[in-house]
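# Overview (structure and organization)
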Amino acid sequence: MGRRDEDSYRQFAVSRSAALYRSACLMTSGDTHLAEDLVQETLSRMYTVWHKRKCIDNPDAYAKTVLVRAYLTHRRRRSSGEQPALRLPERPVEMADSSLRVTLLQALGELPPKDRAVLVLRFWEDLSIEQTADAMRTSSSAVRSRSSRALAKLRTMLGSSGFAELTRA
């Protein structure tokens, strides 16, 4: 890779890694270590194709797609011996809405991986239905139905008052 390509890749990685990390944290239900691994994998895959970026219309969207696919691949490969923790370990309070954040992460953690990915892409990343479908290699109607079912599950898990509090925040 040429010097100019390396500089442009470095600039891309620095500017987008925080947003990719936030999305990965939501997809992994707050597993920061796995989120870091997914971002690292995403950025390394981006590095290998960076010299072909003229073929990539939107590097940011491409990176989100790579992140979602890396997450879903990880979920499929996960050993059956691993058991997710029921509760997150106690951490120092960083923000005033930490209980709301923990509640949301726990509720997202109970959703299937594809439902979680759809909700993160649609409502956190603010992608359109078509963009989400492209990122997940599925149809727009599948994204609509999965999104609807996942939101209904969240409403059930959080109750109407908890869900209303989340949507206001």
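Residues numbered from 1 in each chain as written. Predicted model: local features only at pLDDT ≥ 70, side-chain atom pairs only at ≥ 80, totals over all residues. Heavy atoms only, no water.

## Description of helix 6 (residues 129–136)
Where helix 6 is concerned, the buried positions are Ile129, Thr132, Ala133, Ala135 and Met136. Within helix 6, the buried residues cover an arc of 165° as seen down the axis, which keeps them to one side. Taken from the residues just after helix 6, Arg137 is the one with a positive phi, measuring 55°. (Buried < 20%, exposed > 50% of the residue type's maximum accessible area, 1.4 Å probe, protein only. Helix = DSSP H or I, 4+ residues; strand = E, 2+ residues; numbered from the N terminus. Arc of directions from axis to C-beta.)

## Some remarks on the environment of Ala107
Mapped onto the fold, Ala107 is located in helix 4 (residues 98–109). Overall, Ala107 belongs to the buried group, its relative accessible area being 4%. Those residues in contact with Ala107 that lie beyond four places of it in its chain are Leu154, Met157 and Leu158. (Contact = heavy atoms within 4.5 Å.)

## Some thoughts on the pattern of salt bridges
A side chain of one charge can pair with a side chain of the opposite charge if their charged atoms are brought near each other. Counted by the stated rule, this structure contains 8 salt bridges. Measuring nitrogen to oxygen at the nearest pair gives 3.8 Å for the salt bridge that ties Arg10 to Glu6. Of the two residues, Arg10 and Glu6 both sit in helix 1 (residues 3–27), 4 residues apart, roughly one turn of that helix. For Lys153, the salt bridge is made with Asp115, and the minimal N-O distance between the two is 3.1 Å. A residue pair is termed long-range when its members are at least 10 positions apart, and Lys153 in helix 7 (residues 140–168) and Asp115 in helix 5 (residues 113–124) qualify at 38 residues. Assessed through its relative accessible area of 35%, Lys153 is described here as partly exposed. Judged by its relative accessible area of 2%, Asp115 falls in the buried class. A network of salt bridges, in which partner residues are shared, links Arg16, Asp60, Lys64 and Glu125. (Salt bridge = Lys/Arg side-chain N within 4 Å of Asp/Glu carboxyl O.)

## Regarding the side chain of Ser23
Looking at the element boundaries, Ser23 is found in helix 1. In this view, Ser23 contacts Leu67, Val120, Trp124 and Glu125; residues no more than four positions away in its chain are not counted.

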